[in-house]
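Fold and geometry: a report
Given next are the chains, with one letter for each unit.
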Amino acid sequence: QVQLVESGGGLVQPGGSLRLSCAASGTISSNNVMGWYRQAPGKERELVARISSGGSTNYADSVKGRFTISRDNVKKTVYLQMNSLKPEDTAVYYCNIVLLVGPPYWGQGTQVTVSP
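Residues numbered from 1 in each chain as written. Predicted model: local features only at pLDDT ≥ 70, side-chain atom pairs only at ≥ 80, totals over all residues. Heavy atoms only, no water.

1. Digging into the side chain of Arg 66
Inspection of the secondary structure puts Arg 66 in the loop between strand 6 (57-59) and strand 7 (67-72). Note on Arg 66: relative accessible area 10%, which makes it buried. Of note is the side chain of Arg 66, whose polar atom sits 2.9 Å from the backbone oxygen of Ser 62. The contact partners of Arg 66, leaving out residues within four places of it in the chain, are Gln 81, Met 82, Asn 83, Ser 84, Leu 85, Lys 86 and Asp 89. (Helix = DSSP H or I, 4+ residues; strand = E, 2+ residues; numbered from the N terminus. Buried < 20%, exposed > 50% of the residue type's maximum accessible area, 1.4 Å probe, protein only. Polar contact = N/O pair within 3.5 Å; in protein donor to acceptor, adjacent residues only side chain to side chain. Contact = heavy atoms within 4.5 Å.)

The following block contains the structure:
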């Protein structure tokens, strides 16, 4: 069993920054992909960014140049540095991990609100 615990969400003004963290615990294969997804009210959950255990990254076009995903394999933690935040970034952000075998796991979500 794998558990993911997110932290770092909150309220920020447009143009501001936030850093999300997600710590994983449990039995985790060395080869895995950790990522961040978000879901705004009335919209489907969408990929924000993901990073493999080897460091390869993917970003949604809407966040390229503003968000940076990183990870610490020793701490089993993934981070999302969000800069130049916009109101449209407002959503619940979910941490995700995909292991070598088995289903993906999700965190409980953390609210990010970008508002004046």
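2. Let's talk about the nonpolar core
Residues Leu 4, Trp 36, Leu 80, Met 82 and Tyr 93 are the most contacted members of the largest nonpolar core, which totals 30 residues. Among the elements of the structure, strand 1 (2-7), strand 3 (18-26), strand 4 (33-39), strand 5 (46-52), strand 7, strand 8 (77-82), strand 9 (91-98) and strand 11 (110-114) are those that each provide at least two residues to this core. Leaving out residues up to four positions away in the same chain, Leu 80 has contacts with Leu 18, Arg 19, Leu 20, Trp 36, Val 48, Ala 49, Phe 67, Thr 68, Ile 69 and Tyr 93. (Core = buried A, V, L, I, M, F, W, Y, C linked by side-chain atoms within 4.5 Å.)

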